[in-house]
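# Observations on the model geometry
Letter by letter, the chains look like this.
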Amino acid sequence: MQPRGAVAVDARREGARRDPVFWIALASCAGSLALVAPWATLAAAVVVAALLARAGARWLMLAALFAFAVGATRAHRAMSRYERARSATIDAGSWPARCTARGVVSRSPVRIGGAARVEVEADELSCREGPPLRGRVTLHVPSDEQDGDLELARGDTVSVLASLAPPYRFWNDGAGDPRPLSARRGVVLSGAAEDVVVERAGAGISAAIDRARAHVRRRILATFPAETSAMARALVLGEDDLPADDQRAFRRSGLAHLLAVSGMHLVLVVMGIVAALRALLVRVPAVAARSDAARVAAGAGLPVAWIYAEIAGGSGSAVRAAWMCTVALLARALARRPAPWRALGLSVLAMSVVDPLVAFDVSFVLSALATGGLVALARPIEGAMSTHLRVRGRTLPVFVARPLATSAAATIACAPVLATMAPELPLGGLVANVVAVPLGEAAALPLCLVHALLVGWPAAESGCAAAASGALLLVRTVARSFTWGGLPVPAPTAGELAVLAASAAGVALGRRAAAPRELGAALDRPGAAAPGRSGLALGGLGGLGAALGRLRASLDRPGVVLGLGATTIVLLEIVARAGGAPRGVLRVTFLDVGQGDAALVDLPDGSSMLVDGGGLVGSPIDVGERAVASVLAARRRSRLAAVVLSHPHPDHYLGLASALARVRVDSLWDTGQGEDEGVGGAYAELLTDLRRRGAIVLRPAELCGARTIGGAVVEVLAPCPGVVADRGANDNSLVVRVRFGGRAILFTGDAERDEEAELVERLGARGGLRADVLKIGHHGSRTSTTAPFVAAVDPEVAVISCGVRNRFGHPHPSTLATLARAQVRVLRTDRVGSVVVTTDGRSLDVRAASAD
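Treat the numbers as computed from the prediction; the structure is a model and nothing was measured. (Residues numbered from 1 in each chain as written. Predicted model: local features only at pLDDT ≥ 70, side-chain atom pairs only at ≥ 80, totals over all residues. Heavy atoms only, no water.)

### Some thoughts on empty space enclosed by the protein
Note the following rule: Buriedness for pockets is judged along seven lines, at least five of which must meet protein on both sides within 12 Å for an open set on the 1 Å grid over protein atoms alone, while cavities are sets there where a 1.4 Å probe fits but cannot get out, and lining residues have an atom within 4 Å of a point. Grid points are joined across faces, edges and corners, and a volume is the space filled by probe spheres set on the points. To qualify as a helix, a DSSP run of H or I must reach at least 4 residues; to qualify as a strand, a run of E must reach at least 2; elements of each kind are numbered from the N terminus. By the convention adopted, Pro, Cys, Tyr, Trp, Phe, Met, Ile, Leu, Val and Ala count as nonpolar, Lys, Arg, Asp and Glu as charged, and the other residues, Gly among them, as polar.
This structure, assessed with the given rule, holds two cavities of 30 Å³ or more. The calculated volume of the largest cavity comes to roughly 100 Å³. Elements with a minimum of two residues in the lining of the largest cavity: β12 (598-602) and β13 (608-613). Of the voids in this model, the second largest cavity is the one considered here, and its volume is about 50 Å³. Ala-101, Arg-102, Gly-103, Val-120, Ala-122, Val-137, Leu-139, Val-158, Val-160 and Leu-164 together form the lining of the second largest cavity. Sorting the residues of the lining of the second largest cavity by element identifies β1 (97-105), β3 (115-127), β4 (133-142) and β5 (157-165) as the ones contributing at least two each. In terms of residue class, the lining of the second largest cavity is built from eight nonpolar, one polar and one charged.

Okay, structure coming up:
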């Protein structure tokens, strides 16, 4: 007799195997992933197709392959359309620019950081003297801190005066292709609105919902304490506006889903309303006598699911859950039994049909994975806990085992995607969810929702806000108490994710083997009857048949499939680590960090250096985390031989704190000018932190000259022997040349004319500046890259690190003209993303992210 957990596993595997909609939906979504990882996605698709064929569902295999191809084609077309629009916008002028626009509000406004974020579909867009444009624009509209009065709603026709520019996207080698997500958002320009005038108010249900959201927002801001109002807005309206410390605590404790309008929230609310309506209808004799109250209530719940999803912000997880609720409620209304895998499949398929790039919506993916994990794993895990976990000789009580199993099932299913988003998996969340989910789902959520209905009853409204705040503070306390237990994990590669997907499909599609022993016996019988060579041959064939039969049978066992998958992932991880630290070559990656500088130098012995860390001045975006740290994680870099800070300007050092948070640094190279001049803030905190962690801080007096690091010759050329007192930080930048064999790469920081002239005078005549690749100084400013300096360096390639939103006009036309006259190939990170230069000391390979 099988254990209860094993029976549950078999039942759920059979449910997944038999539902064609589920597999077609997965194929449709998976097709879009071929945009960013074509070979890995195609390999996983071929494996799953073979598994479907082996399971006897050849027609389903063909249907899934067709859905995969259609999904890939539609996603490619959507991304191509957006890329053409974005390129045309960038080429239309210098950004940012003051623009006037007229259009229609296309998405529900949200409040973030004291401002309303509004998306407008602009059919009239004029910026400076450039050509007329059109497309989706994101506006940041200042909002009243007290009442949060955001009266804009979908369907409103507005005219706008704003400072706009194309949005940043950080496209770096190995850290993922940002184009599909940008295309899904569809925004070609974004910026701060100076004036917004509503020409015509929108009408219809979408506008009514947005005005209801504005009303709820105002009441939350008016009645909730400041420390809980952001949590209440997150829970009810889906507005992610928590303070950084709270965001970190909820993420590290695995409780971030509690303060997001997750699919679980929507299902609880909608099904709760349906249950209440059913309880009411059974007490109405006229209804109870003539109809099935449960079916009537289910039918009435259909619009409730969609209205609540819209009120909650229309996130990917909420919309997916609304589709799933629609399927389940429709089945109940039609007196059918809802099938969980069919409902999940239909919800995924519907969203992929509506949005071909939905697979790049993280909230949607996590919601779908969590739902699949709950359906497939929750009961088996609960059964295993009941069987094997005992406290003082007794089995775990249901009220403990069930929430633990639910938390574990969702965590296991979501772990691969969570690992791509953070360097740790929150193991403490398994326990934190058991404590916090009842508080959040049974107390905080219903109290916050009831609060929205009490506007006409001030005393009740205030009391409800106080009670909800108490529940939210308890949830926050749990989150802050369970930030321990993070399991460090590397960000999975595309190949590793593909193997995980294929392994999960192998487990789901596994079947009991069809008598492998009988197959071997049938092949053995002729050999037993026929003596001599033919008998031996047939006997050998029989042994081979038996072996193949046993192999096929073993592939039907989940443990064997998972073991093969784990082995393959380990091998792929070895390959990833070798690729992240190549030996025998010098590889320099000029990172796309927007308006700033950062470059990762992989040295021939496998070690590495980092030159600058980027930093967006006046922006909430942390490029250290978004760009630099993600590349270090993708390269499996946990240690840096040196970090070179060319000079103490924020667009070079602001990103270093978060980029180096999980990396050991042996030494920091710094001009010292910042400390000498008393530069404080993030610069001083960076030096203090690195010294505390054991890094040696070196100055020009100790650095000037040549040294061998990691098999390459690293030369500090300026400022030598030290900073020049009457020069600014730019003209005291550390200028570093890295040589390997007959090839060299020159880093100039923000060096301007004075430092360039001094270098040409001191080193130019004897080839001391010669380099194959030149990192252009000061982002291509007109104050840098003089003709004599370019002639002394004589580069083949020039890399300009600048941002698409920079207000300085970098790179300047005069700089580009100087490089053109010298016949230097120019690569700009604002146009092509990161630039990777690789040399073995003889050949030189230059590759831009956009060329992949």
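### A look at the side chain of Thr-818
Rules: Contact definition: two residues touch when any of their heavy atoms are within 4.5 Å.
With respect to the secondary-structure elements, Thr-818 resides in helix α30 (residues 813-821). Here Thr-818 is in contact with Thr-785, Thr-786, Ala-787 and Val-790, once residues within four sequence places are set aside.

### Let's talk about the packing of aromatic side chains
Ring pairs (aromatic) are described by centroid distance and by the angle formed between their planes. Cut-off, in case you're wondering: Between the rings of Phe, Tyr and Trp (Trp by its six-membered ring), a pair exists once the centres lie within 6.5 Å; its type follows the angle of the planes, with under 30 degrees stacked, over 60 edge-to-face, and the other angles tilted. Any residue under 20% of the maximum accessible area for its type is buried, any over 50% is exposed, and the rest in between are partly exposed; the area is computed with a 1.4 Å probe on protein chains only. Over a ring means this: the NZ of a Lys or the CZ of an Arg is within 6 Å of the ring centre and within 35 degrees of the ring normal.
Enumeration according to the criterion identifies seven aromatic pairs in this entry. For the ring pair Phe-22 and Trp-23, a centre distance of 5.3 Å and an interplane angle of 80° mean the geometry is edge-to-face. Measuring from centroid to centroid gives 5.0 Å for Trp-306 and Trp-323, while their planes differ by 85°, and the two rings are edge-to-face. In this pair, Trp-306 is assigned in helix α11 (residues 293-311) and Trp-323 in helix α12 (residues 316-333), connecting sequence segments 17 residues apart. Of the residues examined, Trp-306 reaches a relative accessible area of 27% and is grouped as partly exposed. By relative accessible area, Trp-323 is classed as partly exposed at 27%. An aromatic cluster of at least three residues, connected via ring pairs, comprises Phe-22, Trp-23 and Trp-341. Here Arg-707 stacks its cationic end above the ring of Trp-669, 5.6 Å away from the centre of that ring.

### Considerations on the sheet that holds strand β18 (residues 696-698)
Quick reminder of the rule: In short, DSSP must find at least two bridges between two strands for them to pair. For helices, the fitted axis covers only the stretch in contact; all axes are lines through C-alpha atoms, and the angles between them, taken along N-to-C directions, range from 0 to 180 degrees.
If you trace the eight strands from one edge of the open sheet to the other, you get β18-β17-β15-β13-β12-β11-β26-β27, paired in mixed fashion. Two strands close off the open sheet at either side, each with one partner strand: β18 and β27 (844-848). Neighbour-to-neighbour, the strand axes of the sheet open up by a mean angle of 15°, direction not taken into account. Where strand β26 (residues 835-839) lies against β27, five bridges are found, and the strand directions are antiparallel. Looking at β27, one finds that Val-836 is bridged to Arg-847. Packing of helix α26 (residues 681-692) onto the sheet brings it into contact with β15 (642-645), β17 (667-670) and β18, and relative to β17 it is tilted by some 150°.

### What to know about the state of the cysteines
Note the threshold: Cysteine sulfur atoms are paired as a disulfide whenever they fall within 2.5 Å.
Within the structure shown, the criterion is met by two disulfides. Here Cys-704 is linked by a disulfide to Cys-720, with a sulfur-sulfur distance of 2.1 Å. Sign of the S-S torsion, about -100° for the bond between Cys-704 and Cys-720, identifies this disulfide as left-handed. In this pair, Cys-704 sits in the loop between α27 (700-703) and β19 (705-709) while Cys-720 sits in the loop between β20 (712-718) and β21 (735-740), placing the two residues 16 residues apart along the sequence. Residue classification places Cys-704 among the partly exposed residues on the basis of a relative accessible area of 27%.

### Comments concerning helix α28 (residues 753-763)
What counts is decided by this rule: Of all possible arcs, the one meant is that of the directions from the helix axis to the C-beta atoms.
What α28 keeps buried is the set Glu-755, Glu-756, Leu-759 and Leu-763. Summarising the axial view, the buried residues of α28 lie within an arc of 100°, below the 170-degree limit, and thus occupy one face.

### Digging into the pairing of β12
Burial runs high along β12: five of the five residues are buried. Across the two faces of β12 the burial is the same, with Ala-598, Leu-600 and Asp-602 and Ala-599 and Val-601 all buried. The pairing of strand β11 (residues 586-590) with β12 spans four bridges and is antiparallel. Opposite Val-588, over in β12, you have Val-601 as the bridge partner. As defined by bridge partners, β12 adjoins β13 across five bridges and the pair is classed as antiparallel. By the bridge assignment for β13, Leu-600 is matched with Leu-610. The turn linking β12 back onto β13 is made up of five residues, and Gly-606 within it adopts a positive phi angle of 100°.

### Some thoughts on the pairing of strand β25 (residues 825-828)
As a general feature of sheets, a regular strand has side chains that alternate between the two faces. Just so we agree on the cut-off: A clockwise course of the path from the first strand over the helix to the second, judged with the strands pointing away from the viewer, identifies a crossover as right-handed.
Two strands pair when backbone bridges link them, and strand β24 (residues 797-800) and β25 are joined in this way by four bridges, in the parallel orientation. Bridge pairing links Ile-800 to Arg-828 in β25. With α30 bridging β24 and its parallel neighbour β25, the resulting β-α-β unit is right-handed.

### As for unusual backbone geometry
A cis geometry characterises the amide bond from Ala-718 onward to Pro-719, with omega recorded as -5°. Assignment of secondary structure puts Pro-719 in the loop between β20 and β21. The amide bond that connects His-810 to the next residue, Pro-811, takes the cis arrangement and shows omega of -5°. Mapped onto the fold, Pro-811 is located in the loop between β24 and α30. Notably, Asp-612 is not glycine yet its phi reads approximately 65°, a positive angle. Its place among the elements puts Asp-612 in strand β13. For Asp-612, a relative accessible area of 2% puts it in the buried group.

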